[in-house]
Every structure is written in C-alpha cells, then in structure tokens.
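# Coordinate analysis (summary)
This is what each chain is made of:
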Amino acid sequence: MKIKSNLWFENDQKGFFGKGRIELLEQIDRHGSISAAAKAMKMSYKAAWDAVNEMNNLSSEPIVVKETGGRGGGGTVLTEKGRRTIALYKELEQLQSKFWDALKEVGSDLSVLEQVAAHMTLRTSARNQLVGTVTGVEHSRLGSVVTLRLGGGESVEVAITRRSAEEMKIERGKKVLIILKSSWIRLCKKEDRRFDNRLSCIVRAIERDSRRVEMTVEIKGGNTLTVSMEAEEAESAGLDVADRCVACFSRADALLAI
C-alpha cells in the first residue's frame, strides 16, 4: 500500500492553509480579484470570499487586502506575508513529496493516522472564529471573565465558567480561538453601552434572501466578522457597503476553544 497526503498549514487552533487555498491565493495574485480567481478555479464567489476571510482571521497579519485607487480602480492583492506563505508552502510540498517517496509500503495498522485525521476534520457551525491572546483573567467563585487582544489590537471580553478556565488552563499569553455565531452580533451606527464588546468596523459585503440578511464587516487588522439578522432588522439598521459601524456582542455570547 502506498501513502499519499495533502499538506496543510495550521496554527494553534486549526488547519487553515491547504493546496486549494494556496491555489486560490495564486489566482488572486494573478488576477487581482477574488471574483476572477474564483471563476478561474470554477468555485463560487462566496466560497472564495469565505476562504479568504478565514485565512485573514486566523493569520497573525492579513494575507489578502483590498487596494483602492489607481488606473484600474483598485482590486484585491496579496500582502508580503501572503507571498511568503505561498513560497514556504511550495518548499514544504517538495520536501513532503520526497519523504513519502522514501516510504514505499506500510503495514495494515493505520490507527494512528485515523486518530490524526479525526482531529484535523473537526468543524464548527459558528461562522466567526478569531484568534485572541489572553491579556487578563478575573475569577469569581463560579465564573471567569477572560480579556483577550485580537490581531488588530482590539480588546474583547469573554465570560466562561471558572471550571472551564481551569480545565483549559487559561492564562496570560495563551492563544485561544474566539467563536461567535453570526446571529450573536449586532451592528450599530454608534457604540451601544449595553454590550460588553464594541468593535469599530466597515461593511464590506451584504447578501440577502427573502427572510435574512448577512453582512460581512471588517475590523482592525483585516479580520472580518459575518453578521446575520432578520431582513426587517437590517432595513432598520440602514447600513450599506462601505458604511462605518460598530459590531457589538455580549461577553456571555462568545465561546473559547483551544
């Protein structure tokens, strides 16, 4: 039996770079547009947009950014980190190929590989997953409030049980995944003091159907959030693409994962 595999990059939380996404980055670099890159790869614009958002959110700095102005009216470009990522991936892909070529055959016991595969395919239905660094923890008898710094420097708070904080070994300097369902976030034209967390943002995309509206907003550092709301609520908010607003959510409406 021969072994073949695909190479994935991952940070402390999950895998977020693979062959398909590297190809997407190459196409964006070639065409200067997410829509053109998606068309070249025969994938939907939404799938390409979601992939770019996740890569940016899980990276320590943006991989893809929007560029404005110029003769072409702007477009989408790779950052220097994006180009370094592609180059590194290509080098590691060559090394991986040489490694597997050296292993001609393996035995029938693949239990270790099965365990690794199960771990790497873990998924969550929550649309928003951001990397945060713990900057402080306040404990009460049963609960803990964790303060975290996002990639753009914003500070957010998440409330969890004290037992969870202890079991996850939450402490200063630890990197964790902040999980937010799209329906847990509210978009306001100005800060709403009723919410513990208020992040300044810009509306980057809006999608609608007959009942709901999804807005993609960009916060500092190039991270993005998807916000889902009823059509009437979206109409009341009166927001359009390029509008500035505030993404608000309660500390109790966020989850932490390691």
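Figured I'd write up the structure that's included with this text. (Residues numbered from 1 in each chain as written. Predicted model: local features only at pLDDT ≥ 70, side-chain atom pairs only at ≥ 80, totals over all residues. Heavy atoms only, no water.)

## Some points on unusual backbone geometry
Positive phi outside glycine occurs at Lys-42, with the angle close to 60 degrees. With respect to the secondary-structure elements, Lys-42 resides in the loop between helix 2 (34-40) and helix 3 (45-58). Located in the positive-phi region is Lys-169, a residue other than glycine, with phi close to 55 degrees. Inspection of the secondary structure puts Lys-169 in the loop between helix 6 (162-167) and strand 8 (175-180). The exposure class assigned to Lys-169 is exposed, which follows from its relative accessible area of 62%. (Helix = DSSP H or I, 4+ residues; strand = E, 2+ residues; numbered from the N terminus. Buried < 20%, exposed > 50% of the residue type's maximum accessible area, 1.4 Å probe, protein only.)

## Overview of the sheet that holds strand 7 (residues 155-161)
Spatially, the 5 strands line up as an open sheet ordered 7-6-5-8-14, and their pairing is antiparallel. Each of the sheet's edge strands pairs with one partner strand only, and the pair in question is strand 7 and strand 14 (255-257). Adjacent strand axes in the sheet meet at a mean angle of 45 degrees, parallel and antiparallel pairs treated alike. Along the sheet face, helix 3 touches strand 5 (128-139) and strand 8 and points at about 30 degrees away from the line of strand 5. (Pairing = 2+ DSSP bridges. Axes fitted to C-alpha atoms, helices over the stretch in contact; angles between N-to-C directions. Contact = heavy atoms within 4.5 Å.)

## Topic: the packing of helix 1 (residues 19-31) against helix 3
Between helix 1 and helix 3, whose axes approach to 11 Å, the crossing angle comes to 100 degrees. Relative to helix 3, the element helix 1 is oriented roughly perpendicular. Residue-level contacts link Arg-21, Leu-24, Leu-25 and Ile-28 of helix 1 to Ala-48, Ala-51, Val-52, Glu-54 and Met-55 of helix 3. Looking at side-chain class alone, the contact of helix 1 with helix 3 contains 7 nonpolar, no polar and 2 charged residues. (Parallel < 35°, antiparallel > 145°, perpendicular 65-115°, else oblique. Nonpolar A, V, L, I, M, F, W, Y, C, P; charged D, E, K, R; others polar.)

## Focus on the sheet that holds strand 13 (residues 244-249)
Taken in spatial order, the 5 strands make up an open sheet running 9-13-10-11-12, and their pairing is antiparallel. Edge strands, defined here as strands with exactly one partner in the open sheet, are strand 9 (186-188) and strand 12 (224-230). Shown here is a sheet whose adjacent strand axes are inclined to one another by a mean of 45 degrees, direction ignored. Note that strand 10 (residues 197-208) and strand 13 share 6 bridges and pair antiparallel. Across the sheet, residue Ile-202 finds its bridge partner in strand 13, namely Arg-244.

## Regarding the side chain of Thr-216
Tracing the sequence through the fold places Thr-216 in strand 11 (residues 212-218). Thr-216 sits in the buried class, given a relative accessible area of 8%. Excluding residues within four positions of it along the chain, Thr-216 makes contact with Trp-49, Asn-53, Ile-202, Val-203, Arg-204, Ala-205, Thr-224, Leu-225 and Thr-226.

## Here's the deal with the nonpolar core
With 35 residues, the main nonpolar core has Leu-148, Leu-187, Leu-225 and Leu-256 as its most contacted residues. Looking at this core, the element that brings in the most residues is strand 10, giving 4 residues. In this structure, Leu-148 is in contact with Gly-132, Thr-133, Val-134, Thr-135, Glu-154, Ser-155, Val-156, Val-158, Val-176, Ile-178 and Leu-256, ignoring residues within four places of it in sequence. Core analysis: the next-biggest nonpolar cluster, separate from the first, contains 18 residues, Ala-37, Met-55, Leu-78 and Ile-86 among them. (Core = buried A, V, L, I, M, F, W, Y, C linked by side-chain atoms within 4.5 Å.)

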